[in-house]
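What follows is the residue order along each chain.
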Amino acid sequence: MLDTPGHASSKDPTHGSLVEAPARNPPARYPSHPTPRPPRMTLATAYFCILIAALLPYLWTVIAKTRGKRYDNRDPRGWIARQDDPRVQRAYAAHLNAFEAFAPFAAAVLMAQQAGIAPARIALLAIVFVVFRLLHGVLYLAGRAALRSLAWLGGFVCVVVLMAQAILAVAA
């Protein structure tokens, strides 16, 4: 067989005839653009969610302090008590609630890790928790009590599921 583009041939040393060599792999269509991989959810993702959840109370308190009248850092609790803007009061309530939700969430993530729960499952539940907690704060500020309660419940369920899975894993 004669040489043609895409085919290589050489002489067979035992018979002196032409032997067809396998075709070369065609060049990649986009060699400078590797195929994107879906993001991996790891424990680092879950730990990052713990960091976000730890910072959320401060987001809501900054909103409260910047919307209120003449913030007084010498008497922050007295200042909040004197505020008559409902949004400031709701931002402060979201701040307190975010602190309340943080410790059980962080404990649940660490319990699940220690119990050997799949990192991707822990990360997914951690992300969902953070999304629910962000929604909770936004809905708190907006004065949407029923939806806020549903967002709270969603975050609470994530914590319970993480803890329950950890308990079941170590009990097995």
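Residues numbered from 1 in each chain as written. Predicted model: local features only at pLDDT ≥ 70, side-chain atom pairs only at ≥ 80, totals over all residues. Heavy atoms only, no water.

### Overview of the environment of tyrosine 58
Quick note on the threshold: Only DSSP runs of H or I with at least four residues qualify as helices, and only runs of E with at least two residues qualify as strands; both kinds are numbered from the N terminus onward. Burial here depends on accessible area, computed with a 1.4 Å probe over protein chains only, as a share of the maximum for the residue type. Under 20% is buried, over 50% is exposed, and the range in between is partly exposed.
Its place among the elements puts tyrosine 58 in helix 1 (residues 43-67). On the basis of relative accessibility, which here comes to 44%, the residue tyrosine 58 falls in the partly exposed class. Taking the C-alpha atoms as reference, tyrosine 58 lies 6.8 Å from histidine 95; in sequence the two are 37 residues apart.

### Thoughts on the side chain of glutamine 83
For clarity, the cut-off: Residue contacts follow a heavy-atom distance rule, with two residues in contact if any of their heavy atoms lie within 4.5 Å.
Locating glutamine 83 in the fold gives a position in the loop between helix 2 (76-82) and helix 3 (86-114). What makes glutamine 83 buried here is its relative accessible area of 10%. Not counting the four nearest positions on each side in its chain, glutamine 83 is found in contact with Gly68, Lys69, Val88 and Gln89.

### Observations regarding the layout of surface pockets
Under the convention used in this document: Here the term cavity refers to a set of points on a 1 Å grid, laid over the protein atoms alone, in which a 1.4 Å probe fits but cannot get out; the term pocket refers to an open set having protein on both sides within 12 Å along at least five of seven lines, with lining residues being those that place an atom within 4 Å of a point. Grid points are joined across faces, edges and corners, and a volume is the space filled by probe spheres set on the points.
Space inside the largest pocket adds up to approximately 160 Å³. Of all elements in the fold, only helix 3, helix 4 (119-142) and helix 5 (145-171) reach the threshold of two or more residues within the lining of the largest pocket. Counting residues per element, the lining of the largest pocket draws most heavily on helix 5, at six residues.

### Quick notes on the nonpolar core
Just so we agree on the cut-off: In this description, a nonpolar core means a group of buried Ala, Val, Leu, Ile, Met, Phe, Trp, Tyr and Cys residues linked to one another through side-chain atoms lying within 4.5 Å.
Counting residues in hydrophobic clusters, the biggest one holds 21 residues, and the most contacted among them are Phe105, Val109, Ile122, Ala126, Phe129 and Leu162. Elements with a minimum of two residues in this core: helix 1, helix 3, helix 4 and helix 5. Per element, the largest residue contribution to this core is six residues, and it comes from helix 3. Beyond its immediate sequence surroundings of up to four residues, leucine 162 is in contact with Ala108, Val109, Ala112, Ile122 and Leu125.

### Here we look at helix 5
So the rule is basically this: By this rule the span expected of a helix is its residue count minus one, scaled by 1.5 Å.
With 27 residues, helix 5 should cover 39 Å at 1.5 Å per step; its first-to-last C-alpha distance of 38 Å lies within 8% of that length. Restricting attention to buried positions, one finds in helix 5 the residues Ala151, Gly154, Gly155, Cys158, Val159, Leu162, Gln165 and Ala166. For helix 5, the secondary structure elements touched by its buried residues are helix 3 and helix 4.

### Details of the confidence of the model for the protein chain
To be explicit about the condition: For every residue, the predictor states its confidence as a pLDDT score lying anywhere from 0 to 100.
Overall, the prediction assigns the protein chain a mean pLDDT of 86, with 78% of residues at 70 or greater. Summarising per-element confidence for the protein chain, the mean pLDDT is lowest in strand 1 (residues 8-11) (52) and highest in helix 5 (98).

### A word on the packing of aromatic side chains
We apply this condition: Working definition: a ring pair exists when centres of Phe, Tyr or Trp rings (six-membered ring for Trp) sit within 6.5 Å. Plane angles under 30 degrees give stacked, over 60 give edge-to-face, the rest tilted.
Summed over the entire model, instances satisfying the criterion amount to three aromatic pairs. Pairing tyrosine 58 with phenylalanine 99 gives two aromatic rings, centres 5.5 Å apart and planes at 90°, and the pair type is edge-to-face. Placement of the pair is tyrosine 58 in helix 1 and phenylalanine 99 in helix 3, with a sequence separation of 41 residues. Look at phenylalanine 99 and you get partly exposed, because its relative accessible area is 37%.

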